[in-house]
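So the chains spell out like this:
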Amino acid sequence: MLEFSTKLRVRYGETDQMGYVYYGNYAEFYEVARVDMLRDLGLSYRAMEETGIMLPVAELHCKYLKPALYDQEITIKVIMDEMPGVKIHFKYELYNETEELINTGATTLVFVSKKTGRPCFPPRDFIAKLKPFFE
């Protein structure tokens, strides 16, 4: 299993009239954490795309428990609990400054060949960097 956490501060433009984070921004928060986790492993979307593989989101699930508020620093935990194949699954937990769980989510992404537009397996170097976490 692989777990990674990152933090971000809620900006004014990410909130609605009530000062709550607008519901659609949670997907972007998930992406920030996912990209940070991959970068921390020495992987990147850009490098993958340069080898001809894209990674679009196929599913998104989001559960709101408490609002994230303007100017709060939130912690986003990303969890991968299975080795990817053609699909890669991520789970998310968001915590406010007092470490209360405020949101949970999950995404499924699919490795897709730019050339064919069809699902494919991840690059070997991608798998090699993840393998130690699942042995």
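Conventions and cut-offs
Residues numbered from 1 in each chain as written. Predicted model: local features only at pLDDT ≥ 70, side-chain atom pairs only at ≥ 80, totals over all residues. Heavy atoms only, no water. Phe/Tyr/Trp six-rings, centres within 6.5 Å; stacked < 30°, edge-to-face > 60°. Helix = DSSP H or I, 4+ residues; strand = E, 2+ residues; numbered from the N terminus. Lys NZ or Arg CZ within 6 Å of the ring centre and 35° of its normal. Salt bridge = Lys/Arg side-chain N within 4 Å of Asp/Glu carboxyl O. Buried < 20%, exposed > 50% of the residue type's maximum accessible area, 1.4 Å probe, protein only. Pairing = 2+ DSSP bridges. Patch = residues over 30% accessible without salt bridge, like charges linked within 9 Å, V, L, I, M, F, W, Y side chains within 5 Å. Areas by Shrake-Rupley, 256 points an atom, 1.4 Å probe, with all protein chains shown as cover.

Which residues make up the packing of aromatic side chains, and what values go with them?
On inspection of all chains with the given rule, the structure shows 7 aromatic pairs. Relative to Y92, the ring of F90 lies with its centre 6.5 Å away and its plane at 25 degrees, an arrangement referred to as stacked. Look at F111 and F126: their rings are 5.3 Å apart centre to centre, the planes differ by 75 degrees, and that puts the pair in the edge-to-face class. In this pair, F111 is assigned in the loop between β6 (101–110) and β7 (112–113) and F126 in helix α3 (residues 124–130), connecting sequence segments 15 residues apart. Within the aromatic cluster, the residues linked to one another by ring pairs are Y26, F29 and Y64. One Lys or Arg, R34, reaches over the ring of F90 and ends 5.9 Å from the middle of that ring.

Give me the lowdown on the pattern of salt bridges, citing residues and values where you can.
What the rule picks out here adds up to 8 salt bridges. Between E97 and R9 there is a salt bridge whose closest N-O contact spans 3.6 Å. Separated by 88 residues along the polypeptide, E97 in the loop between β5 (87–95) and β6 and R9 in strand β1 (residues 2–9) bring together distant segments of the chain. Residue class for R9 comes out partly exposed when judged on its relative accessible area of 41%.

Residues and numbers for unusual backbone geometry, please.
Of note in the backbone geometry, D71 takes a positive phi value of approximately 70 degrees without being a glycine. Its location among the elements puts D71 in the loop between β3 (57–64) and β4 (73–80). Since its relative accessible area comes to 40%, D71 is described here as partly exposed. Even without glycine at this site, E99 takes up a positive phi of about 65 degrees. Secondary-structure assignment places E99 in the loop between β5 and β6.

Account for the pairing of β1, with residues named and values stated.
The side-chain alternation of β1 yields one buried face, formed by L2, F4, T6 and L8, and one unburied face, formed by E3, S5, K7 and R9. Here β1 pairs with β4 via 8 bridges, running antiparallel. For F4, the partnering residue across the bridge sits in β4 and is V78.

Tell me about a nonpolar patch on the surface, and name the residues and values.
A cluster of nonpolar side chains, M18, Y20 and L69, forms an exposed patch at the surface whose accessible area comes to about 290 Å². Take L69: it is sitting in the loop between β3 and β4. Taking the relative accessible area as the measure of exposure, L69 reaches 32% and is therefore partly exposed.

These values are about where atoms sit, not about what they do.
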